[in-house]
Each structure stands twice: as C-alpha cells, then as structure tokens.
Amino acid sequence: MERTFVMVKPDGVQRNLVGEVIRRFEAKGFTLVGLKMMKVSRELAEQHYDVHRERPFFGSLVEFICSAPVVAMVWEGDGVVASARKLIGATNPLTSEPGTIRGDFGVSIGRNLIHGSDAIETAQREISLWFAPEELVSWEPANKSWLYE
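- As annotated in an unreviewed UniProt entry, the chain carries the name Nucleoside diphosphate kinase and comes from Hydrococcus rivularis NIES-593.
- Word for word, the UniProt comment on the chain under Sequence similarities (unreviewed entry) is "Belongs to the NDK family."
- Per UniProt, the chain carries the Subunit (unreviewed entry) text "Homotetramer."

1. Things to note about the UniProt feature "domain: Nucleoside diphosphate kinase-like" (unreviewed entry) in the chain
- Cross-referencing UniProt, the feature "domain: Nucleoside diphosphate kinase-like" (unreviewed entry) maps to residues 1-138 in the present numbering.
- Along residues 1-138, the helical share is 41% and the strand share 17%, with 10 Å between the first and last C-alpha atoms.

2. Thoughts on the UniProt feature "active site" (unreviewed entry) in the chain
- Here, UniProt's "active site" (unreviewed entry) annotation points to His115.
- On the secondary structure map, His115 appears in strand β4 (residues 114-116).
- Those residues in contact with His115 that lie beyond four places of it in its chain are Phe5, Val6, Met7, Lys9, His48, Ile88, Arg102 and Glu126.

3. As for the pattern of salt bridges
- On inspection of all chains with the given rule, the structure shows nine salt bridges.
- For Arg3, the salt bridge is made with Glu76, and the minimal N-O distance between the two is 2.8 Å. Residue Arg3 is found in strand β1 (residues 3-8), and its partner Glu76 is found in strand β3 (residues 70-76); the two are separated by 73 residues along the sequence.
- By relative accessible area, which is 13% here, Glu76 ends up buried.
- Arg24 is the partner of Glu20 in a salt bridge, and the nearest nitrogen-oxygen pair spans 2.7 Å. Taken together, the residues span about one helical turn, with Glu20 and Arg24 both in helix α2 (residues 18-28) at a distance of four residues.
- Counted as one network, the salt bridges with shared partners bring together Glu20, Arg23, Arg24 and Asp104.

4. A short note on the pairing of β3
- Buried residues dominate β3, accounting for seven of its seven residues.
- Burial of the side chains of β3 extends over both faces: Val70, Ala72, Val74 and Glu76 are buried on one face and Val71, Met73 and Trp75 on the other.
- Pairing geometry for β1 and β3, over six bridges, is antiparallel. Residue pairing in the sheet places Phe5 in a bridge with Val74 of β3.
- Here strand β2 (residues 31-38) pairs with β3 via seven bridges, running antiparallel. Residue Gly34 lies in a different strand from β3, and its bridge partner there is Val74.

Definitions and limits used
Residues numbered from 1 in each chain as written. Predicted model: local features only at pLDDT ≥ 70, side-chain atom pairs only at ≥ 80, totals over all residues. Heavy atoms only, no water. UniProt positions renumbered as here; feature names shortened; annotations may be inferred. Helix = DSSP H or I, 4+ residues; strand = E, 2+ residues; numbered from the N terminus. Contact = heavy atoms within 4.5 Å. Salt bridge = Lys/Arg side-chain N within 4 Å of Asp/Glu carboxyl O. Buried < 20%, exposed > 50% of the residue type's maximum accessible area, 1.4 Å probe, protein only. Pairing = 2+ DSSP bridges.

Okay, structure coming up:
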C-alpha cells in the first residue's frame, strides 16, 4: 500500500480543524498509520522546506511552521498521494475548489492550513523526516474488504 505525509499546519491547529482533516481522510477510506502533535524545530522545518531554500519566502515558511504546534500524519491506501492532493486542494485557497480542505476553510496562500506530499518519492522522504519507523503502525482495518477488491 502507498503512504503519504500530511501535516495540519499551525493555522489549522489553531483553528481547531485537525478533527475535520482526519474525518475527511477516514471518510475517503484511508488508513491512519502515524500521528503526532509536535512543535517543529527550526532544523526539521529547514529540512522539510529545503526545496524552497533559495526562494525569498523560505525564511517566512520556516518561521511560520515553527510558530505553533502542528499535527503530522501518515496515511495509507491505494493512490493515497494523488488522492490526498485532491482532498487538500490547490495551494492557493482562493483558487481551490469547494469541497477541498483548502477550498472550504482556507483564506490566504500564507495560511493554507495543510501540507500533503506531492509525489510518492516526496512522501517517502517526508515520512522519513517526520517519523521514525517504530512510530508507524501497520494494521488492517476491518472495513478494508469494503474498500478494495
């Protein structure tokens, strides 16, 4: 099964949207295999956003993600990386479709509530940054036969 990394950012945590995010992923049929609330260290934030290091907004991204707790998660399921991106919506909430997390709750690009891996390779990298192998739980939900052939 494919896995992806999802993080409710500080604005999503502060706005009490963690439960709503989890509800949507569970309703879609994905399996939660890792979950933790944490205050992000500067080192971890810089590693996570390393791809943006040369961009002018890198510093503000790092500062923001370190500003308050986040909820880091790993979800599992067939096609979960691509499907999670659709559930999350476009980066800019103003252009994100209604029915997506950002489309329903986001207001500005700088406060877009949630991060989700954009590719399988990215997901693998991000999962290994945020979770130790022993923090992930492999299990089979009782409803699996109702989701997959």
